[in-house]
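Structure at a glance
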Amino acid sequence: MNKIFTLLLTLLAFNCPLKAATIDWGELTPGTAYQMTDIGYYQGWFTATESGTITAHCTSSDIPRPFADADFSVPIEGNYYLQNGANYDFAVTAGTTYYFSAFVLNPGTFSFNYAASATLQLISATPEAGSVFNAGQHSSQRTRNLCHRRNP
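This is a predicted model, so every value here is computed, not measured. (Residues numbered from 1 in each chain as written. Predicted model: local features only at pLDDT ≥ 70, side-chain atom pairs only at ≥ 80, totals over all residues. Heavy atoms only, no water.)

**Regarding the sheet that holds strand β1 (residues 21–27)**
The condition is simple: Paired strands, as defined in this entry, are two strands with at least two bridges between them according to DSSP. Secondary structure is summarised from DSSP: a helix means a run of H or I of at least four residues, a strand means a run of E of at least two, and numbering begins at the N terminus for each. Axis definition: a line fitted to C-alpha atoms, over the contacting stretch in the case of helices. Angles run 0 to 180 degrees between N-to-C directions.
If you trace the four strands from one edge of the open sheet to the other, you get β1-β3-β8-β5, paired in mixed fashion. Two strands lie at the open edges of the sheet, namely β1 and β5 (65–67), each paired on one side alone. Along the sheet, successive strands turn relative to each other by an average axial angle of 25°, direction set aside. In this structure, β1 lies alongside strand β3 (residues 40–47), joined through six bridges in parallel fashion. Bridging from a neighbouring strand, Ile23 pairs with Tyr42 of β3.

**Points about the nonpolar core**
Convention followed: Here, nonpolar core means buried Ala, Val, Leu, Ile, Met, Phe, Trp, Tyr and Cys residues that are tied together by side-chain atoms lying within 4.5 Å of each other. Partly exposed residues are those whose accessible area sits between 20% and 50% of the maximum for their type, while under 20% is buried and over 50% is exposed, using a 1.4 Å probe and protein chains only.
Residues Leu28, Phe46, Phe90, Val92, Phe100, Phe110 and Phe112 are the most contacted members of the largest nonpolar core, which totals 23 residues. Every element with two or more residues in this core is listed here: β2 (34–36), β3, β4 (52–58), β7 (86–92), β8 (97–104) and β9 (108–114).

**Remarks on unusual backbone geometry**
Positive phi is not limited to glycine here, since Phe72 has a value of about 55°. Its location among the elements puts Phe72 in the loop between β5 and β6 (79–82).

**Comments concerning the sheet that holds β4**
Read from one edge of the open sheet, five strands run β2-β9-β4-β7-β6, paired in antiparallel fashion. Of all the strands in the sheet, the pair left with one neighbour each is β2 and β6. Ignoring strand direction, the axes of neighbouring strands in this sheet form an average angle of 20°. As defined by bridge partners, β6 adjoins β7 across four bridges and the pair is classed as antiparallel. Bridged to Asn79 within β7 is Asp89.

**Here's the deal with the side chain of Asp69**
For clarity, the threshold we go by: Counted as positive: Lys and Arg. Counted as negative: Asp and Glu. His and the chain ends are not counted at all. Think of a salt bridge as a Lys or Arg side-chain nitrogen and an Asp or Glu carboxyl oxygen that are within 4 Å of each other. Pairing of N or O atoms within 3.5 Å defines a polar contact, subject to two protein rules: one partner must be a possible hydrogen donor and the other a possible acceptor, and residues neighboring in sequence count only if both atoms are side-chain atoms.
Looking at where Asp69 falls in the secondary structure, it is placed in the loop between β5 and β6. At 14 Å, Arg65 is the nearest oppositely charged side chain to Asp69, a buried residue that forms no salt bridge. A polar atom in the side chain of Asp69 sits 2.5 Å from the side chain of Ser73.

**A short note on the confidence of the model for the protein chain**
Should pLDDT be low for a region, the predicted coordinates there are not to be read in detail. Cut-off, in case you're wondering: What pLDDT expresses is the predictor's confidence in each residue, scored from 0 to 100. Here a residue-residue contact requires only that any non-hydrogen atoms of the pair lie within 4.5 Å.
Overall, the predicted model of the protein chain reaches an average pLDDT of 80, with 66% of residues at or above 70. Predicted confidence for residues 142–148 stays below pLDDT 50, and this span has zero contacts to residues more than four positions away or in other chains.

**Remarks on the pairing of β8**
Across the eight residues of β8, six count as buried, placing the element largely inside the fold. Sheet topology places β3 next to β8; eight bridges connect them, and they run antiparallel. Its bridge partner being in β8, Tyr41 is matched across the sheet by Phe103. Judged from the three bridges that link them, β5 and β8 form a sheet pairing that is antiparallel. For Phe67, the partnering residue across the bridge sits in β8 and is Tyr99.

Here it is as C-alpha cells:
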C-alpha cells in the first residue's frame, strides 16, 4: 500500500506544475538586510560604486548568487563558504551592475557589503634590514621529545 501511495504522490508531483512567486527586490543597497520569508525566486541588482571585493551573507543555505547579466545566465565566480550561514566573496569593478538571484526554500536574511581591505604593515624585522645573518655564528638550544622504539 505504501508503494502505491508513494507512486501516486510522485506522479502527482510531476503532473502538477509548482508555481513559485518571483520576489523582485529591485535596486539593492550594500549593508541592508533583505528578508526571504516565502518559497520563491528572489532577485535584485546593484551597481558597484567602488572596485574591490563584495562579501554576501545569508542566514540560510539559499544564498542569492551574483550574475553578470539581468537574465541570470552568466554566473560570477567567487569563493563560497559556510561560516555562520552561507557566504560568497567576489570581485567587483566600479560602475558595473551586478545581479543577484536565488530560488529560496528556507527562510533567511540576505545582505552584502564591501569587504574590508586588510593592509599589512611591517612593524619590526630581526635581523635588521640589510644585515648579514650567518647561522654558523649563532647557537641555539632545542629540546626535543623523542619516542624511541625497540625492534625485537
